[in-house]
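Structural overview
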Amino acid sequence: ITIQNTKVSNFVRGLNIVSASRYHVLQSYFLASDAAIIQNQLWGDSGDGEMMGNTFVAAVAGSHNTVTYNSGGALRFVGNKVLAQASISNCIEIAWNYVTSVGPFMAANSIEGSCVNGISIDGNVPLNSGTITGGEIAVSGTGISATASVAQPAWTITGVVVRTSSNNTGLSLANMT
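Residues numbered from 1 in each chain as written. Predicted model: local features only at pLDDT ≥ 70, side-chain atom pairs only at ≥ 80, totals over all residues. Heavy atoms only, no water.

Some words on the pairing of strand 16 (residues 142-152)
Successive side chains on a regular strand alternate, one facing one side of the sheet and the next facing the other. Formally: Paired strands, in this sense, are two strands between which DSSP finds at least two bridges. Strands are runs of DSSP state E lasting at least two residues, helices are runs of H or I lasting at least four, and both sets are numbered from the N terminus onward.
As defined by bridge partners, strand 12 (residues 110-123) adjoins strand 16 across four bridges and the pair is classed as parallel. By the bridge assignment, Ile119 is partnered in strand 16 with Ile144. Strand direction decides the pairing type here: strand 16 and strand 19 (residues 171-176), joined by five bridges, are parallel. Residue pairing for strand 19: Ser145 is matched across the bridge by Ser172.

Right, dumping it as structure tokens:
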């Protein structure tokens, strides 16, 4: 499936991928309480999705995430703008709880706003070889927080500019190898 040049606004969930693989979301705009929820509940390690050049905006304060990535394997998340207009939990939450898989490839994204965490990596199943490269994280909380209950092996974080506005931690990593 391809979603391109689409605008979705003022819903509880802007984009909710429940079970899909080989999807492409390109140059689109999502404004919602939770702008995007990405998962594959049927085949937790099957995905190969691509999200490029999109804008995701969380507009309601509270226990929300701008983008939540739960399963699907090998997501390419490149050149997106991830914003929090209101005070929320995470700009991006990678909460891996289905099956062991390959982590996302995240490059050249702009992650900004009033988030407790710019990127939160957690879950109880290993997510191997994730990459976060290039781009900028400018949030009020911690830039990248990893608190997974099991080791997340072989992640690469390189070339990311991390800024926080409240004297918080840039990178808080636990159970990463």
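A closer look at the sheet that holds strand 5 (residues 50-52)
Applied cut-off: For every element, the axis is a line fit to its C-alpha atoms; helices are fit only across the contacting stretch, and the angle between N-to-C directions ranges from 0 to 180 degrees.
Read across the sheet, seven strands follow the order 1-3-5-8-11-14-17 without closing on themselves; strand pairing throughout is parallel. The sheet is open, and its two edges are formed by strand 1 (2-4) and strand 17 (156-158), each paired on a single side. Neighbouring strand axes in the sheet, compared pairwise and without regard to direction, differ in orientation by 5 degrees on average. Examined bridge by bridge, strand 3 (residues 24-26) and strand 5 share three bridges and lie parallel to one another. Among the inter-strand pairings, His24 is bridged to a residue of strand 5, identified as Glu50.

Digging into the state of the cysteines
Counted only if it meets this: Note on terminology: disulfide denotes any pair of cysteine sulfur atoms within 2.5 Å.
In total, this model carries one disulfide according to the counting rule given. Between the sulfur atoms of Cys91 and its disulfide mate Cys115 the distance is 1.9 Å. Taking the sign of the S-S torsion, about 55 degrees here, the bridge from Cys91 to Cys115 comes out right-handed. In this pair, Cys91 sits in strand 9 (residues 81-96) while Cys115 sits in strand 12, placing the two residues 24 residues apart along the sequence.

Quick notes on the nonpolar core
Selection rule: In this description, a nonpolar core means a group of buried Ala, Val, Leu, Ile, Met, Phe, Trp, Tyr and Cys residues linked to one another through side-chain atoms lying within 4.5 Å. Only protein chains enter the accessibility calculation, which uses a 1.4 Å probe; a residue whose area is less than 20% of its type maximum is buried, one above 50% is exposed, and one in between is partly exposed. Note on contacts: a residue pair qualifies if any of its non-hydrogen atoms lie within 4.5 Å across the two residues.
Met51, Phe56, Phe77, Ile92, Ile94 and Ile119 are the most contacted members of the largest nonpolar core, which totals 37 residues. With seven residues, strand 9 is the single largest residue contributor to this core. Beyond its immediate stretch of four places on either side in the chain, Ile119 contacts Ile92, Ile94, Met106, Ile111, Ile132, Ile137, Gly143, Ile144 and Ser145.

Thoughts on the packing of aromatic side chains
Note the following rule: Aromatic pairing here means that ring centres of Phe, Tyr or Trp (its six-membered ring) are within 6.5 Å. Orientation follows from the plane angle: under 30 degrees is stacked, over 60 is edge-to-face, and everything else is tilted.
Enumeration over the complete set of coordinates arrives at three aromatic pairs. Aromatic pair Phe30 and Phe56: ring centres 5.4 Å apart, planes at 10 degrees, arrangement stacked. Remark: Phe56 occurs in strand 6 (residues 55-58) and Phe30 occurs in strand 4 (residues 29-38); sequence separation between them is 26 residues. With respect to burial, Phe30 and Phe56 carry one shared label: buried. Here Phe56 and Phe77 contribute two aromatic rings whose centre-to-centre distance is 5.9 Å and whose plane-to-plane angle is 20 degrees, an arrangement assigned as stacked. Here Phe77 lies in strand 8 (residues 76-78) and Phe56 lies in strand 6, a separation of 21 residues in the sequence.

Points about the confidence of the model for the protein
Using the following cut-off: The predictor reports its confidence for every residue as pLDDT, a score running from 0 up to 100.
The predicted model of the protein averages 89 in pLDDT, with 96% of residues at 70 or higher. Put simply, strand 10 (residues 101-102) is where the protein has its lowest mean pLDDT, 80, and strand 6 is where it has its highest, 98.

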